[in-house]
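# Per-entry structural report
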Amino acid sequence: MALSTKISEKDAQQFAEEIRAAGLDAPWLHPGPLIQPKKFQVQSGLWKWDKIEPVVRGMADFIAPGKDAERRIVRIANPGVPELTATHTISIAFQYLLPGEVAPAHRHSPNAMRFMIDGQGAYTTVNGDKCMMHPGDLILTPAGDWHDHGNEGTGPVMWMDILDSPVVRFLEALTMESYPHEKQLAGSQNRRSERLFSAPGLVPAGRAAETHERLLAYRWQHAREALQRLAEVENDPFDDVMLQYVQPTTGASVLPCLAAYLQMLRPGVETRAHRHNSSTVYFVREGSGTTEVNGTTYHWSPGDVIVVAPSAVHKHHNANREPAILFVMQDTPMLKALGFYREEAV
Ligand code: GTQ
Ligand code: FE2
């Protein structure tokens, strides 16, 4: 520490000690900027489905849900995130259930959504609303809602869990509670949310709207057809053709911290490079292509996961004859709500 020629080195060291003894810290005692960056930074990366899938299926030999573990899951582990989640704000897991298995009912402070990947007969019951899950469907389990999953089919089922749990953990607001029974009873309320919001542009006018009830299941067939129709009339130089999943009554993102999108890169399309300080996770649903992130090219095909770190420059290329379809998750809503969101073309 060399602040002034008027004080001796010994006095300066004594003063530094006095600062520490008082439980204080001064940035000028350390090298680096006034406001220190995080010690670890989210890394961009590619996780290949041919490595993920055997692990997801392999868990069935080691772990039984509701017995050995609350959930049979495996997470995307970003080397730049000490807590080993996909990004600093987004947790991505793959969950696997065999026929007849149940993931017991619970509720917790993090918000979650599920993107169904494979198999028939899976369901998630959300506060008594039993939602069947077919490949490509998006199912929400908002913060504090009771939820249990099961497999009523004849083969295994697999989906992706997307949670804002890293944010809730950072805020030290994690809570979790078990339901008194393994499953919730699902009767007259089955498909309630889909019956409340059963057609585009039509929402209930009465109590269900006032109490902010929301759509819990976004069906693949609707989303895929809507994306196709959007492609006929509109595209964007950075994202090509992109739909956002929103809450029908408010237009808000599906979860308060996380937004979900369905993106089409049309055959031959090369997008313009840009960057934004939100973090992004892509799940490849159909087709193949490449994404260049800060000069590294990732070659992707169905089932692959691509993570783009905050402010990383990225662009996509679909060199094939078929469209590529990506399910996209971003923490944009949180950054926007707090006034931190920035994006730029490069
Ligand atoms: O299925 O309810 O991947 O509570 C992490 C936490 C899944 C779930 C996860 C969970 C769940
Ligand atoms: Fe859960």
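Scroll up a little and you will see the structure.
Residues numbered from 1 in each chain as written. Chains lettered and ligands numbered in written order. Predicted model: local features only at pLDDT ≥ 70, side-chain atom pairs only at ≥ 80, totals over all residues. Heavy atoms only, no water.

### Overview of the packing of aromatic side chains
The tally for this structure, following the rule as stated, stands at nine aromatic pairs. Taking the centre distance of 4.2 Å and the plane angle of 15 degrees together, the rings of Phe115 and Phe327 count as stacked. Note that Phe115 is positioned in strand β5 (residues 112-118) and Phe327 in strand β21 (residues 324-330), a separation of 212 residues in sequence. Here Phe115 and Phe327 have matching classes, each one buried. Between Tyr218 and Tyr245 the ring centres are 5.6 Å apart and the planes differ by 80 degrees, which places this aromatic pair in the edge-to-face class. Residue Tyr218 is found in strand β12 (residues 217-218), and its partner Tyr245 is found in strand β13 (residues 241-245); the two are separated by 27 residues along the sequence. Tyr218 gets classed as buried once you look at its relative accessible area, which sits at 10%. Among the aromatic residues, those joined into a ring-pair cluster are Trp49, Phe94, Phe115, Tyr218, Trp220, Tyr245, Phe283 and Phe327. (Phe/Tyr/Trp six-rings, centres within 6.5 Å; stacked < 30°, edge-to-face > 60°. Helix = DSSP H or I, 4+ residues; strand = E, 2+ residues; numbered from the N terminus. Buried < 20%, exposed > 50% of the residue type's maximum accessible area, 1.4 Å probe, protein only.)

### A few points about helix α2 (residues 49-58)
Considered for burial, the residues of α2 that qualify are Trp49, Ile52 and Val56. The buried residues of α2 occupy an angular sector of 65 degrees when projected down its axis, which confines them to one face. Of the residues in α2, the exposed ones pointing more than 90 degrees away from the buried face are Asp50 and Lys51. Buried residues along α2 sit against β1 (45-47), β2 (73-75), β3 (91-97), β5, β10 (157-163) and β19 (305-308). (Arc of directions from axis to C-beta. Contact = heavy atoms within 4.5 Å.)

### Notes on the side chain of His149
Mapping His149 onto the fold places it in strand β9 (residues 147-151). By relative accessible area, which is 0% here, His149 ends up buried. Here the side chain of His149 touches Thr124 through a polar contact of 2.8 Å, side chain to side chain. Leave out the neighbours within four places in its chain, and His149 touches Arg71, Gln95, Leu97, Glu101, Val102, Ala103, Arg114, Tyr123, Thr124 and Trp159. (Polar contact = N/O pair within 3.5 Å; in protein donor to acceptor, adjacent residues only side chain to side chain.)

### Remarks on the side chain of Ser279
Locating Ser279 in the fold gives a position in the loop between β15 (274-276) and β16 (280-286). We classify Ser279 as buried; its relative accessible area is 0%.

### A short note on the sheet that holds strand β8 (residues 138-141)
Strand order in the open sheet made by the six strands is β2-β3-β10-β5-β8-β12, with antiparallel pairing throughout. At either end of the open sheet lies a strand with only one pairing partner, and these are β2 and β12. Of the strand pairs in this sheet, β3 and β10 are connected by seven bridges, and their pairing is antiparallel. Counted as the bridge partner of Tyr96 is Met158 from β10. (Pairing = 2+ DSSP bridges.)

### Focus: the sheet that holds β21
Reading across the sheet, the six strands line up as β1-β19-β16-β21-β14-β13 and stay open at both edges, with antiparallel pairing between neighbours. The strands lining the two open edges of the sheet, one partner per strand, are β1 and β13. Strand-to-strand twist of the sheet, defined as the mean angle between neighbouring strand axes without regard to direction, takes the value 20 degrees. Where β1 meets β19, three bridges bridge the pair, whose relative direction is antiparallel. Within β19, the residue paired with Leu46 across the bridge is Ile306. Across the sheet, helix α6 (residues 220-233) touches β13, β14 (259-265), β16 and β21, and the angle it forms with β13 is around 140 degrees. (Axes fitted to C-alpha atoms, helices over the stretch in contact; angles between N-to-C directions.)

Geometry only, nothing functional implied.
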